[in-house]
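The residues making up each chain are set out below.
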Amino acid sequence: MTGTPETTCTTCPYCGVGCGVLAMQEPDGSVSVKGDPDHPANFGRLCSKGSALAETLSLDDRLLVPQVDGKQASWDQALDLVAERFRASIAEHGPDSVAFYVSGQILTEDYYVANKLMKGFIGSANIDTNSRLCMASSVAGHRRAFGSDTVPGTYEDLEQADLIVLVGSNLAWCHPVLFQRIEAAKRARPQMRLVVIDPRRTATCEQADLHLKLKPDTDVALFNGLLAFLNECSAIDERYVGLHTSGFEEALEKAGACDIKTIAAATGLAPQDVALFYSMVARTPKTVTVYSQGVNQSVVGTDKVNAILNTHLATGRIGKPGAGPFSVTGQPNAMGGREVGGLANMLAAHMELENADHRQLVQTFWQSPAMAEKPGLKAVEMFRAVRDGRIKAIWIMGTNPVDSLPDADGVAEALRICPFVVVSEVSTAVDTLAYADVALPAAAWGEKDGMVTNSERRMSRQKSFLPLPGETRPDWWALAEVAKRMGHASGFDYAGPSEIFAEFAQLSATGNNGTRDFDIGAYSLVSEAAYIRMLPFQWPRASALDEGDSRFFADGGFFTPDGRARFIAVTSRAAPRLERRYPFVLNTGRIRDQWHTMTRTAKTSRLMSHIGEPYAELHPDDAEALGIQPADLVQVESPYGKVIVRALVSDRAQPGNVFVPMHWTDQFAAKGRVDAVVAPEVDPISGQPGSKFTPVAVKKAAFSWHGFAILKHKPITLDFSYWALAPAPGGWRLEFAGEGEQSPRDLAQGLLQIGDVDVENGLMAVEDRDVYAGRYALWQGSALQGAVFLAPAPVAVSRQWAVGLLQQPADTAKDRLGILAGRPAADRPDPGAIVCSCFQVGANDIARAVSTGAGTLDAIGATLKAGTNCGSCRSEICSLIAGMQEKEVDHADIAQAG
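In what follows, the accompanying structure is described. Everything quoted here is computed from the prediction, not taken from an experiment.

A word on unusual backbone geometry
Here comes step 1: Residue Trp539 is joined to Pro540 through a cis peptide bond whose omega torsion reads 5°.
Here comes step 2: You will see that His596, though not glycine, has its phi angle at about 45°, which is positive.

Have a look at this one:
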């Protein structure tokens with residue numbers, strides 16, 4: 001079938017950058033994506049995840065029909081039951097006996113309806129969101145300092161700054177398109193400087209002029225010292241402080257004197273590096289400080305935010321081109337959730353739940369029968385309330401708390417004993433779904449319509465370009481239908497998302513008169529046709545004639561009662577002392593090509609090719625002391641739980657620290673749910689968990705044998721003590737380990753058994769049973785069905801070479817024997833570990849290119865295409881080139897000395 005593809009301008013469903021995407025659907029139904037060159041967030045750029053979006057649209061794991069008690073049901077049956085159980089719980093135990101736990105993955109219209117139903121009609125504020133886990137400390141810090149949850153700056157500031165300070169942000173991996181914008185600006189203006197403040201040496205550090213590898217959770221000491229330094233070297237903007245702020249003297253007093261040696265000792269930094277950083281900031285008016293999860297995910301996260309904001313308020317470097325503090329959000333609609341009051345302690349349109357006038361205004365506007373009068377339970381305490389029986393019914397929407405919340409095993413237990421659990425989901429491959437009494441099939445990206453807001457306050461449309469599969473429905477529709485069944489039909493009679501958005505816009509303007517930062521009143525009467533055509537815009541947008549303020553606070557105008565910003569006096573505190581039993585600090589976070597709990601990204605082998613297994617990054621000194629070799633399996637344990645993951649020994653880690661990615665679930669690994677290990681300790685102000693600091697023990701996990709397999713078909717059962725499964729081109733890759741007396745051949749045959757295939761007679765093998773080692777392969781004709789490699793230690797086989805065998809015919813005996821040899825033939829070079837996911841370029845490919853003269857990033861791009869699409873791998877390529885060139889210098893020195 002031929003014809004012109006139909007192109008839809010939509011928005012990426014991953015991080016808070018909010019990139020524009022062009023989704024192109026061919027007449028045969030196939031979809032391709034590319035970056036939207038006209039979208040002001042990305043100007044056509046996409047990261048590896050965004051570039052692979054079209055590969056995640058399959059329906060193979062979709063939840064397509066409602067389920068009640070695990071059995072197919074009609075929507076009427078499911079919705080009637082949800083309404084009945086929620087209504088009964090409220091009648092018997094009160095409105096605080098029910099809760100919603102929603103997500104930065106849902107759209108603004110979904111968020112708005114959920115918030116309206118819970119706070120204005122049920123009458124409880126027990127609605128919180130997984131955004132509590134990523135940006136609640138920034139919200140709290142903004143509200144303390146500015147009187148509102150306002151991000152002052154824009155993405156343009158990142159390109160206009162002379163100094164960018166990245167705090168607790170691996171921007172190159174977590175917000176790659178923003179990092180690409182910074183890289184481009186740095187190439188255009190080489191005098192621009194980049195400072196990275198992070199306990200780990202991440203991919204972002206490859207482009208840094210200075211990396212401050214501070215001790216975890218010592219940011220307040222560093223920025224209090226900076227405030228004192230700015231004061232001592234006369235870098236304070238006294239006019240701005242006098243006209244537009246209050247509390248400066250108190251904050252300065254709490255910060256203490258700028259004693260570089262004391263600050264260096266507190267932060268674990270070299271005194272000369274602290275002094276250099278302070279002097280760089282002091283002499284650079286155009287400074288932007290970007291902060292993310294390393295700041296927010298802390299039990300002192302709100303104080304960290306305010307320590308950073310204090311330095312910008314003191315210098316007047318806020319709301320000006322190229323100058324200001326900038327919180328970057330983790331999810332596509334975390335900001336939208338903040339705007340509609342999706343957090344348990346907020347109201348819609350940035351109104352305050354604790355403000356009686358705001359509550360009255362919202363209730364009057366909604367014409368609602370009840371209004372929450374006190375903050376509800378935040379995420380961690382919400383699930384504690386589920387566990388202890390205070391919450392009897394909970395509706396979870398678009399998130400996976402048994403994997404993503406701290407003390408995740410405790411969350412799973414809470415849901416197991418909860419009388420009634422509703423889960424709205426897209427995928428069946430979600431661990432939380434196992435606890436659902438009612439499962440509701442939700443519309444996914446490409447199928448649903450609505451609004452999202454990115455980190456620079458830019459609202460963009462996610463648009464549908466695919467039909468709703470099966471019986472899936474948008475989240476707002478399911479919420480409205482339940483509200484109607486609970487007796488609230490008049491408040492939820494929406495024909496579509498455009499009506500919801502128009503209502504939300506009207507509420508934002510009601511009673512505002514410039515007293516609140518959030519106002520999109522220009523869209524109060526938006527028609528469905530205009531909604532469909534709506535282009536991205538930045539709020540506020542009070543009227544059609546108002547182009548909006550791209551920045552806030554350059555001339556004051558804060559949203560406090562007196563219009564002045566508040567300096568918040570914060571005190572640095574020493575990190576908790578570690579017990580002998582738990583002597584390491586666990587840090588968790590994202591990796592480049594994965595997203596949250598992998599329900600979307602793990603559907604494409606391209607995104608699993610870079611890192612296909614959970615790991616623990618350890619410093620070489622710690623590994624040596626523990627007797628851990630690279631690629632060993634290790635156990636990481638806290639009082640709450642444990643994981644078993646692969647050891648990655650690297651000096652990127654600090655001694656005494658261990659990093660484990662957050663993504664793996666029981667769907668993809670046997671014991672990889674790292675949030676089961678994370679302590680449920682939270683910031684007392686924001687309620688955000690301290691996911692970057694959990695005391696843990698680390699030890700080698702002993703197994704009597706180890707295995708690696710490539711398989712055409714996904715294994716049905718995996719009974720190994722350890723396993724990690726990932727899709728691969730043409731099949732699956734499997735890491736596993738165990739104990740026991742099962743023969744190697746029987747084990748291999750069990751993995752390779754497919755239907756009625758005669759595995760026993762068709763198997764080729766080379767084995768040494770005395771040491772539990774062997775290599776096994778099965779063919780049908782010339783097609784390899786699978787290969788299994790067993791060894792008493794971690795299997796030393798090139799994964800990428802082996803995975804490639806699933807798509808290559810083995811037509812000769814020599815080809816087949818080469819597979820059993822466990823290494824590539826001379827005419828099939830091993831690509832090595834994948835570096836560039838877009839073009840499947842490995843580390844060995846890059847090394848070979850460098851050795852033949854391609855010694856720059858541009859030369860690698862010209863030779864191999866690596867780094868020329870999404871650009872997310874460029875830092876890693878630069879690191880590999882630098883490492884090879886360093887070795888060449890060392891070899892030259894040795895030769896000269898000889």
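Quick look at the environment of Gly511
Here comes step 1: Within the secondary structure, Gly511 sits in the loop between helix H21 (497–509) and helix H22 (528–533).
Here comes step 2: Gly511 sits in the partly exposed class, given a relative accessible area of 48%.
Here comes step 3: Distance from Gly511 to Leu361, taken between C-alpha atoms, is 7.6 Å for residues 150 residues apart in sequence.

A word on the sheet that holds strand E10 (residues 210–212)
Here comes step 1: If you walk across this open sheet you meet the five strands as E10-E9-E8-E12-E13, and the pairing is parallel. With one partner strand each, in any of the chains shown, E10 and strand E13 (324–327) form the two edges of the open sheet. Pairwise comparison of adjacent strand axes, ignoring direction, gives a mean angle of 15° for this sheet.
Here comes step 2: One ladder, built from four bridges, connects strand E12 (residues 287–291) with E13; its direction is parallel. What sits directly across from Val288, in E13, is Gly324.
Here comes step 3: Sheet strands touched by helix H12 (residues 271–282): strand E8 (163–167), strand E9 (193–197), E10 and E12. Its angle to E10, the strand with the most contacts, is close to 120°.

Notes on empty space enclosed by the protein
Here comes step 1: Throughout the structure, instances matching the rule amount to six cavities of 30 Å³ or more.
Here comes step 2: Considering only enclosed or pocket space, the largest cavity measures out at about 80 Å³ in volume.
Here comes step 3: Surrounding the largest cavity, Cys12, Tyr14, Cys15, Val17, Gly18, Cys19, Cys47, Pro176 and Val177 form its lining.
Here comes step 4: Residue classes in the lining of the largest cavity are distributed as eight nonpolar, one polar and no charged.
Here comes step 5: Its boundaries defined by the atoms lining it, the second largest cavity holds a volume of some 60 Å³.
Here comes step 6: Along the walls of the second largest cavity sit Val165, Phe223, Leu226, Leu230, Phe277, Val281, Thr287, Thr289, Thr311, His312, Thr315 and Arg317, which together make up its complete lining.
Here comes step 7: For the lining of the second largest cavity, the residue count by class is six nonpolar, five polar and one charged.

Some points on the packing of helix H16 (residues 356–366) against H21
The axes of two packed helices give the description: the angle between them and the distance between them.
Here comes step 1: Contact geometry for H16 and H21: axes closest at 11 Å, N-to-C directions at 145°. As for how H16 packs across H21, the hand of that crossing is right-handed. Residues Leu361, Val362, Phe365 and Trp366 of H16 touch H21, and the partners they reach there are Glu503, Gln506 and Leu507.

What counts as what
- Residues numbered from 1 in each chain as written.
- Predicted model: local features only at pLDDT ≥ 70, side-chain atom pairs only at ≥ 80, totals over all residues.
- Heavy atoms only, no water.
- Helix = DSSP H or I, 4+ residues; strand = E, 2+ residues; numbered from the N terminus.
- Buried < 20%, exposed > 50% of the residue type's maximum accessible area, 1.4 Å probe, protein only.
- Pairing = 2+ DSSP bridges.
- Axes fitted to C-alpha atoms, helices over the stretch in contact; angles between N-to-C directions.
- Contact = heavy atoms within 4.5 Å.
- 1 Å grid on protein atoms, 1.4 Å probe; cavity = no way out; pocket = protein on both sides within 12 Å on 5 of 7 lines; lining within 4 Å.
- Points joined across faces, edges and corners; volume = space filled by probe spheres on them.
- Nonpolar A, V, L, I, M, F, W, Y, C, P; charged D, E, K, R; others polar.
- Left-handed = near helix turned anticlockwise from the far one by under 90°.

Coordinates in, geometry out; function isn't part of it.
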